[in-house]
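# Topology and contacts: notes
Listed below, chain by chain, are the residues.
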Amino acid sequence: MLHFSRFKTTLILGLCLFGVLLSIPNLLPHGSLPAWVPQPRVNLGLDLQGGSYLLLEVDMNSVIKERIASTRSTVAETLRKAKVPFTSIVAGKDSVSVTFADETQLGVGRQALNDILRERVDGPAHALVFSPKTDGNTLNLTLNPEAVTDLSSKAVQQSISIVRRRIDETGVNEPVVARQGQNRVLVELPGVSDPDRIKRLLGSTAKMTFRLVAPEGTPAGPDVELLPMANKAEGTPKLAVRRHVEVDGMNLTRATAALDQRAGGWVVDFGLDSIGTRRFADVSTKHVGQPFAIVLDNKVISAPVIREPIIGGQGQISGNFTVEEANDLAVLLRAGALPAPLTIVEERSIGPSLGADAIRAGLYSIIAGFIFVVGFMLTTYGRFGLFAAVALVVNLALTIAGLSMMGATLTLPGMAGILLALGMAVDANILINERTREELGKRNGVIASIETGFRRAYTTIMDANLTTLIKMLILFVVGVGAIRGFAVTISLGIIVSIFTAIVLVRLLTAWWLQRTRPKTLTIGTRFRFFPDHTAIAFMRARYSGLIVSALISLASIGLAFHPGLKMGIDFAGGVVIEAKTPAPADAPALQSALMDAGLGPVQVQRFGAPDDVLLRFEHPEGTTEQQQAALQHAKEAVEKAAPGAEIRRVEVVGPSIGAELLNDGIWALGLAAIAMFAYITFRFEWPFAVGAIVTMFLDLTKTVGFLALTGFEFNMTSIAAILTIMGFSINDKVVVYDRVRENLVRSKRVPLREVIDRSINETLSRTIGTSIALFLAIAPLALFGGPALREFALTLLFGLVLATSSSIFIAAPILLNIGEHYLRRGGPVAEATPEPARGKLKGA
């Protein structure tokens, strides 16, 4: 096992060198390396470089409504051409009802409308079907549910394409536009910390039509609608405009902002394609002397009178525009109309200064954590701690190289994930070192002891890491944004650690053995932070531990209801604004200013430094335009109350998104518990799984009580922390359970109480050592990670202590109580042989 061929050695070292070389470009400024050198880099998330995140929802009701309206017009035109008399055509929510002059026309009308029924959207399903129910001389055409799905998918794809074109027109560097879910579009804008212009561009459907104006005084009806004039004060009479579209904005080929030399104002010049030119010429020839309305998003921009036929396909839109308004309108018309309105359901904006602070905090945390963990390993294990330190350096390089090759985006939680993964990585080295120490104590010889230490620790390492990977996979699936980055970095770090801890450290150990050939060996130094050869009778207090744990969990559940959890914006929805004031923030003045602005109840709290303040209020009601106006009003109120204040962060989460995120978080916890039960049942036996899951549930309730007691916000980051704590909890149980299973096979006649006590004592040094290493890795996040990570880190530290103690005082007693009636009474484990059963790996 300690023999490495030349090929295998070259492969291992080559992989390590490859990872180091790939990670180097991330440490150098852009342009410092020749262009021909491959330079994969980790992309910085918006929370590190500053920028804006928008989640847009396509209004599918508008898509269906427009389709029904179009169907109504087509049905009327088709029946007129077929000369089938009808009395009315009524558009419903998802259907069109046609009432014929008499029942004899029903069959003729059905035959005339057959061509309409053959239409498809994008898929194989027909768009419309005849309703089986007919009422006398009334025929109903209903949208096919399958066609509605196709229609929705097509609308989202069109929206993504148009949103991308609109953003590209603004010159934003490397924007991200992607589909999220069934009817949402995700937009990330690096470097854009105030996306007001982008939001205006995306919030406008930009559906432009040219229609004739109805005679003055014409009421609204099936063929006429009353539309407001754009840029006019409220109360201005609406203009009666015919519903029939003479020329559609889809026929535009050119739109540019220009300065009108005659009038002196800004206008938009446009050009039409051949179809639009012909239609424009026809209508302008037939209706000379009549007003012709230019309608944009159901608002009349202008309604000039046709003075003469316009046959050149060129035109001009005027409307008292500013230069910015003219340019924006030109951008909208060039990009094309959205198939449906887009609503901003979630918005997060990070200023560049806050991003720089986050990078600094993340780097300080990683450097400090790395130094602490390496120092601990060197102090505790000496030479073998040095091997672990080399493995940690390579682990960090390979993790960064992996993220670079994946084109991953590194966020602040992702940096925390890298640090946490380093702490978890040394767990494998501690397991190997402690197992080797045990074998050396049996006087098995140096090489035999090291080989046995690596072999027996392998199963435990794989079990512990696989349980964590399962939970991170669940977090990646249900998480969003930065939380997914956290899951990716931890998962990649754990996979890499399996290679560095088992393969690389074994290679370094083999080299040292070949060079020195020691006759005796001592692993560790005199600086031991945990006791050796303990014989504590932990199971004497089995009932005391369970009772105390149950009481604390009940109290924690009570705290969750009163005073209750402080729901973060992720789950509760609302608006959060982080501002940095020139002097220490005056919280009452800011609260009064925002309440006077009509924003409802406002919470103001200091956040980090005395000049950092966090403002939170409910999500504004109304249309998208009204919500954005309220948000702008809030920013102005902050700047007015604290002149010179810098808006560093803005987060807006709609109520529907908050409810969805909370639901996803609960699902994540439930799925994690089910996955852990299934895995431990498969790898061990069901009594082990029951003990682990019950303990994990008790740990979860105590963590929730901790969050309620401290007043920490409960958000998606809290879910990530709880899942990580569940990982700590299961990992520790796996290590103890592995040893219990091994000792059950070896000591069939020993009482189960003694087997469990012995197993806990034999793994106690590993338990304490890993807990210290993880504590040293997490503590810098609380010290240097800033307010954004402090609550996350403190929750993890609490959970670390909880998971360590619960393995001894909760999981083990539960296993003892169940096992006394199962494992020692003819159960599968009692009948086991030294060889592992099928499907089981040999215990560590």
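Fair warning: this is a prediction, and the values are worked out from it, not measured in the lab.

### As for the overall build of the protein
When helices and strands are counted, the protein shows 23 helices and 25 strands. Taking the principal axes of its C-alpha atoms as reference, the protein extends roughly 110 × 65 × 60 Å. Here the contacts in the protein between residues at least 6 apart in sequence split such that 75% fall between residues at least 24 apart. About 38300 Å² of surface is accessible on the protein, with carbon and sulfur atoms providing 59% of the total. In the protein, 81 side chains carry a positive charge and 73 a negative one; their mean positions are 10 Å apart.

### Things to note about the sheet that holds strand S13 (residues 252–259)
Across a sheet, strands are paired by hydrogen bonds formed along the backbone, either parallel or antiparallel in direction. Spatially, the three strands line up as an open sheet ordered S13-S14-S17, and their pairing is antiparallel. The sheet terminates laterally at S13 and strand S17 (314–321), the two strands that pair on one side only. Averaged over all neighbouring strand pairs, the angle between strand axes comes to 25°, with direction disregarded. Relative to S17, strand S14 (residues 266–272) runs antiparallel, the two sharing six bridges.

### As for a nonpolar patch on the surface
Judged by side-chain polarity, Leu363, Tyr364, Ile367, Ile371, Phe372, Leu783 and Phe784 come together as a nonpolar surface patch covering roughly 690 Å² of accessible area. By residue number, the principal contributor to the nonpolar patch is helix H10 (residues 352–381), which donates five residues. Tracing the backbone through its elements, the reader meets Ile371 in helix H10.

### Examining the nonpolar core
Formed by 144 residues in total, the largest nonpolar core has its most connected members in Phe688, Phe728 and Ile756. In terms of residue count, helix H14 (residues 482–516) provides more of this core than any other element does, 18 residues in total. When neighbours within four sequence positions are excluded, Phe688 is seen to be in contact with Ile680, Tyr737, Val740, Leu744, Leu815 and Leu823. Residues Val58, Ala155, Ile162 and Ala340 belong to the second largest nonpolar core, which totals 24 residues.

### A few points about the sheet that holds strand S16 (residues 299–302)
Spatially, four strands are ordered S12-S9-S15-S16 in an open sheet, and the strand pairing comes out antiparallel. A strand with exactly one partner marks an edge of an open sheet, and here the two such strands are strand S12 (247–248) and S16. Examined bridge by bridge, strand S9 (residues 208–212) and S12 share two bridges and lie antiparallel to one another. Residue pairing in the sheet places Thr209 in a bridge with Asp248 of S12.

### As for the confidence of the model for the protein
Taken as a whole, the protein shows an average pLDDT of 84; of its residues, 95% reach a score of 70 or greater. Contacts of residues 826–844 to residues separated by more than four positions or lying in other chains number 38 contacts, the stretch itself having pLDDT below 50.

### Considering the environment of Ile502
The residue Ile502 is located in helix H14 in this model. Note: C-alpha distance between Ile502 and Phe684 (182 residues apart in sequence) is 23 Å. Not counting the four nearest positions on each side in its chain, Ile502 is found in contact with Phe454, Tyr458, Ile461 and Ser497.

### Topic: the pairing of strand S3 (residues 86–91)
Look at any regular strand and the pattern is simple: side chains alternate between the two faces of the sheet. Direction of pairing for S3 relative to strand S4 (residues 95–100): antiparallel, over a ladder of five bridges. Residue pairing across strands places Phe86 opposite Phe100, the latter belonging to S4. The loop that links S3 with its antiparallel partner S4 comprises three residues.

### A few points about the pairing of strand S2 (residues 51–58)
The buried fraction of S2 is high, at seven of eight residues. Pairing between S2 and strand S8 (residues 184–190): seven bridges, direction antiparallel. Bridge pairing in S8 places Leu54 opposite Val187. One ladder, built from eight bridges, connects S2 with strand S18 (residues 342–350); its direction is antiparallel. Within S18, the residue paired with Val58 across the bridge is Leu342.

### Section: the packing of aromatic side chains
Evaluation of the coordinates by the stated rule reveals 15 aromatic pairs. On the basis of an interplanar angle of 75° and a centroid distance of 6.2 Å, the ring pair of Phe538 and Phe809 is categorised as edge-to-face. Of the two residues, Phe538 sits in the loop between H14 and helix H15 (542–564) while Phe809 sits in helix H23 (residues 786–819), which places them 271 residues apart along the sequence. Classification of Phe538 as buried rests on a relative accessible area of 10%.

### Topic: the packing of helix H13 (residues 446–478) against helix H21 (residues 716–746)
In contact at an axis separation of 9 Å, H13 and H21 are set at 155° when each is read in the N-to-C sense. Relative to H21, the element H13 lies roughly antiparallel. Once H13 is placed against H21, the crossing between them reads as right-handed. Split by residue class, the contact of H13 with H21 holds 11 nonpolar, seven polar and seven charged.

### Quick word on the environment of Phe706
Structurally, Phe706 can be placed in helix H20 (residues 686–710). Phe706 sits in the buried class, given a relative accessible area of 18%. Each C-alpha atom, one on Phe706 and one on Arg179, is 37 Å from the other, the two residues being 527 residues apart in sequence. With residues near it in sequence (within four places) discarded, Phe706 still touches Phe712, Leu794, Thr795 and Phe798.

The rules behind these values
Residues numbered from 1 in each chain as written. Predicted model: local features only at pLDDT ≥ 70, side-chain atom pairs only at ≥ 80, totals over all residues. Heavy atoms only, no water. Helix = DSSP H or I, 4+ residues; strand = E, 2+ residues; numbered from the N terminus. Contact = heavy atoms within 4.5 Å. Areas by Shrake-Rupley, 256 points an atom, 1.4 Å probe, with all protein chains shown as cover. Lys, Arg positive; Asp, Glu negative; His and termini not counted. Charge placed at Lys NZ, Arg CZ, Asp CG, Glu CD. Pairing = 2+ DSSP bridges. Axes fitted to C-alpha atoms, helices over the stretch in contact; angles between N-to-C directions. Patch = residues over 30% accessible without salt bridge, like charges linked within 9 Å, V, L, I, M, F, W, Y side chains within 5 Å. Salt bridge = Lys/Arg side-chain N within 4 Å of Asp/Glu carboxyl O. Core = buried A, V, L, I, M, F, W, Y, C linked by side-chain atoms within 4.5 Å. Buried < 20%, exposed > 50% of the residue type's maximum accessible area, 1.4 Å probe, protein only. pLDDT = per-residue confidence, 0-100. Phe/Tyr/Trp six-rings, centres within 6.5 Å; stacked < 30°, edge-to-face > 60°. Parallel < 35°, antiparallel > 145°, perpendicular 65-115°, else oblique. Left-handed = near helix turned anticlockwise from the far one by under 90°. Nonpolar A, V, L, I, M, F, W, Y, C, P; charged D, E, K, R; others polar.

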